[in-house]
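If you want the building blocks of each chain, they are given just below.
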Amino acid sequence: MLIYVTGTIGAGKGEIVEYLKKKFSMKHYSFRQYYADELKRRNQPIDRPHMIELADSLRQTYGNDYVVGELTGLARQGKGDAVIESIRNLGEVSFLKAQGDSVLIAVDAPAEIRFKRINERGSALDNRTMEQFLADDERENVNVDEWRTNILGCIKQADFVYNNSGTKEELHAWLDKLMQNILHAGRPTQKRK
């Protein structure tokens, strides 16, 4: 089984991945790491603007499914279930929806909560003011070109959506229930929380 994760900046994608890795022994494949490795190879700065530019360029040049196809291929070569993070455009959603064993999980939260979270995690990619955060958030949320970032469009097409406004424990409980339903009943009975 392949679980793909999408969501807004700071909503909890990384926490979902870490929990699925730890609790369900899923192997992790990361778009961010893929882009960071490629930027390093090209001797370019590893920051959000360069990652977005690289991602858009790769999709525009090689097709919407290029990187998601690369990561999915790596996941299929591995043993066991995998989590692939983070789906960011509608072309990637189309690719994963064509996979017979895929599930798309989306996570979102109010902007104030997400901004607080990114400041607490202290990543070099997250060092920005609230104004910069909101500008990045807006730029990544809606685009008409299928190859560009469109997080809100991805969330709308997700199989399951979680509003991560609460605690990590609440998120973990939701994931436990979701995974139990996916693994034992085929599909969960509740798609959104």
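Below is a short write-up of the structure.

What counts, and where the lines are drawn
Residues numbered from 1 in each chain as written. Predicted model: local features only at pLDDT ≥ 70, side-chain atom pairs only at ≥ 80, totals over all residues. Heavy atoms only, no water. Helix = DSSP H or I, 4+ residues; strand = E, 2+ residues; numbered from the N terminus. Buried < 20%, exposed > 50% of the residue type's maximum accessible area, 1.4 Å probe, protein only. Lys, Arg positive; Asp, Glu negative; His and termini not counted. Salt bridge = Lys/Arg side-chain N within 4 Å of Asp/Glu carboxyl O. Polar contact = N/O pair within 3.5 Å; in protein donor to acceptor, adjacent residues only side chain to side chain. 1 Å grid on protein atoms, 1.4 Å probe; cavity = no way out; pocket = protein on both sides within 12 Å on 5 of 7 lines; lining within 4 Å. Points joined across faces, edges and corners; volume = space filled by probe spheres on them. Phe/Tyr/Trp six-rings, centres within 6.5 Å; stacked < 30°, edge-to-face > 60°.

1. Topic: the side chain of K13
For K13, the position within the fold is in helix α1 (residues 13-24). Summary of buried charges: K13 has no salt-bridge partner, and the nearest side chain of opposite charge, E85, is 5.9 Å away. Polar side-chain contacts of K13 include one of 2.9 Å to the backbone oxygen of T8.

2. Looking at the environment of K40
For K40, the position within the fold is in helix α2 (residues 31-41). When the C-alpha positions of K40 and L20 are compared, they lie 28 Å apart, and in sequence the two are 20 residues distant.

3. Focus: the layout of surface pockets
Approximately 770 Å³ is the volume attributed to the largest pocket. Secondary structure elements with two or more residues in the lining of the largest pocket: α1, β2 (27-30), α2, α3 (48-62), β3 (82-87), α6 (111-121) and α9 (168-185).

4. A closer look at the packing of aromatic side chains
With the rule as written, the count across this model stands at 6 aromatic pairs. Relative to F24, the ring of Y19 lies with its centre 6.4 Å away and its plane at 70°, an arrangement referred to as edge-to-face. The buried category is assigned to Y19, whose relative accessible area is 12%. Exposure remark for F24: the relative accessible area of 22% places this residue in the partly exposed category. Here Y34 and Y35 contribute two aromatic rings whose centre-to-centre distance is 6.0 Å and whose plane-to-plane angle is 85°, an arrangement assigned as edge-to-face. An aromatic cluster is present here, built from F31, Y34 and Y35 joined pairwise through their rings.

5. Focus on the pattern of salt bridges
Here the structure, examined in full by the defined rule, presents 14 salt bridges. Of the charged contacts, one joins R42 and E38 as a salt bridge, the two residues approaching to 2.7 Å between their closest N and O atoms. A relative accessible area of 36% means that R42 is categorised as partly exposed. Given a relative accessible area of 16%, E38 falls into the buried group. In this structure, E92 engages R59 in a salt bridge whose closest nitrogen and oxygen atoms are separated by 3.1 Å. Residue E92 is found in helix α5 (residues 90-97), and its partner R59 is found in helix α3; the two are separated by 33 residues along the sequence. The burial state of E92 is the same as that of R59; both residues are buried. Salt bridges linked by common partners bring E38, R41 and R42 together as one network.

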